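# Architecture and fold: a report
Given next are the chains, with one letter for each unit.
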Amino acid sequence: MQSRFIFILIVFITTNFSLTAQKLYTKNGFVSFFSKASIENISAENNQVMSVLTLPSGELQFSVLIKSFHFKKSLMEEHFNENYMESSKYPKATFKGKINDLSKVNFTTDGNYTVDVTGDLAIHGITNKTTTTGIITVKSGIITATSKFKVKLADYKISIPKIVKDNIAETVDVTVSCVYDQKI
Amino acid sequence: MNTMTKKKVLISLLLVAILAAAFGYYLFNKGPVDVKNGSAVKLDAIGLYEQFDADSTGALKNYSGKILQVTGLVTAVSLNQKKEKIILLKTNTGGASVNCTMEEDPGEIKINDAVSIKGICSGMGQGDEDLGIKGDVYLTRCFLIK
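On a predicted model such as this, the values are computed, not experimentally measured, just so you know.

The rules behind these values
Residues numbered from 1 in each chain as written. Chains lettered and ligands numbered in written order. Predicted model: local features only at pLDDT ≥ 70, side-chain atom pairs only at ≥ 80, totals over all residues. Helix = DSSP H or I, 4+ residues; strand = E, 2+ residues; numbered from the N terminus. Contact = placed C-beta atoms within 7 Å. Nonpolar A, V, L, I, M, F, W, Y, C, P; charged D, E, K, R; others polar. Buried ≥ 20, exposed ≤ 12 C-beta atoms within 10 Å, placed from the backbone. Arc of directions from axis to C-beta. pLDDT = per-residue confidence, 0-100. Pairing = 2+ DSSP bridges. Core = buried A, V, L, I, M, F, W, Y, C linked by C-beta atoms within 7 Å.

Next up on the list: the overall build of chain A. Summing up its helical and strand segments, chain A has 2 helices and 9 strands in all. Starting at the N terminus and walking to the C terminus, you meet the elements of chain A as α-β-β-β-α-β-β-β-β-β-β. Across chain A, contacts joining residues at least 24 apart in sequence account for 57% of those joining residues at least 6 apart.

In structure tokens, the structure reads:
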């Protein structure tokens, strides 16, 4: 009787563990940025974001190839890569951090859950601690993470030549959205 | 310099200025690179991935930002959030693909189809050591070559 109980207990613990300790990931998440400026607004999109969300710890990672950003105008794309982001020298931007209050999210109930995220954001070879809020959406078992935050170019030593200073905002709005369609 | 010569010089300068402004305006408003009709470096998905895997810095130098025409076997077809098709091409590394975001709908593509896709290479993405998966090599603004 006792051995049967222990067996059931072991089965319960191991299956429960395998259900909860899980890594969700996508290799085709979305990130965009928008910069409002006097002459012309600047925006670009990237649909090739790698992101991993670990449950239940809430560890969160994003990795973005700078060259995957696309602009409507080729000159903007060229300047973005060569003059501002120096994408040959710094091909990726990354975020490594944690959702601090993942316990708020009920993964079995559909809904939008606002969470706090902290971590290290690395752009243009500079890493800064950052804090932002995000939304975890649960819909029919599919988890989506979205966040909107601001990046100050000077914080990442992205220098804007004086001649175009008026045309490029000092802070850009970044939007991230990842549907975690893969899991391990 | 007589008045006639002065006039000629002025007109020439004006013409140069107009041409320069027109060229500047053209460059400023020029749309994205024409991937579909642009000349491409041709290679296969397995070889391309192996080059990035063996020497990512060297491969980045050779291919990043360039138009490539990559042939390979389709392992998955899905849609991204912008409803663009994502086609994954087989490599010899488990869990890793040549990841193509289609600019133009390629029509019906099935798993195991042999395809040739033209797009701009943006490099090799980051993998995850804990997950045991390697990053994909990405192509953007892709077109299916028939």
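Let us now look at the interface of chain A and chain B. With 23 residues of chain A in contact, the opposing surface of chain B contributes 28 residues. For the side of chain A that touches chain B, the elements supplying multiple residues, two or more each, are β1 (22-35), β2 (42-55), β3 (59-65), α2 (74-84), β4 (92-99) and β8 (171-180) of chain A. For the side of chain A that touches chain B, the element with the most residues is β1(A), which contributes 5 residues. Grouping the amino acids of the side of chain A that touches chain B by side-chain chemistry returns 9 nonpolar, 9 polar and 5 charged.

Moving on, we get to unusual backbone geometry. The general pattern is negative phi for most residues beyond glycine and trans for most peptide bonds. All names here are of chain A. Each neighbour pair has its own omega, and for Leu55 with Pro56 the value is 5°, a cis peptide bond. The phi dihedral of Glu86 falls on the positive side, at around 45°, and the residue is not glycine. With respect to the secondary-structure elements, Glu86 resides in the loop between α2 and β4. Even without being a glycine, Ser140 presents a positive backbone phi close to 50°. Here Ser140 shows up in the loop between β6 (126-139) and β7 (142-152).

In this section: helix α2 (residues 45-54) of chain B. For α2(B), every residue scored as buried is listed here: Ala45(B), Leu48(B), Tyr49(B) and Phe52(B). For α2(B), the angular spread of the buried residues around the axis is 95°, confining them to a single face.

Glancing now at the confidence of the model for chain A. Residue and element names in this part refer to chain A. Of the residues in chain A, 89% reach a pLDDT of 70 or more, and the chain-wide mean stands at 87. Ranking the elements of chain A by mean pLDDT puts helix α1 (residues 2-20) last with 50 and strand β5 (residues 111-123) first with 97. Segment residues 11-19 is flagged for pLDDT under 50; beyond a separation of four residues in sequence, or across chains, it makes 0 contacts in the model.

Let us now look at the pairing of strand β5 (residues 114-124) of chain B. Residue and element names in this part refer to chain B. Counting buried positions over the 11 residues of β5 gives 8, a clear majority of the element. With 7 bridges joining them, strand β2 (residues 67-79) and β5 adopt antiparallel strand pairing. The residue of β5 that forms the bridge with Leu73 is Ala114. Sheet topology places β5 next to strand β6 (residues 137-144); 6 bridges connect them, and they run antiparallel. Looking at the pairing, Met124 lines up with Val137 of β6.

What follows deals with the nonpolar core. Ranked by internal contacts, the top residues of the largest apolar core, which has 61 residues, are Val70(B), Ile87(B), Leu89(B), Val98(B), Cys100(B) and Leu139(B). Excluding its chain neighbours within four sequence positions, the residues that come into contact with Leu139(B) are Leu68(B), Val70(B), Val98(B), Cys100(B), Ile117(B), Gly119(B), Ile120(B) and Cys121(B).

Across chain B, pLDDT averages 91, with 98% of residues at or above 70. The ipTM for the predicted assembly is 0.80, set against a pTM of 0.84.

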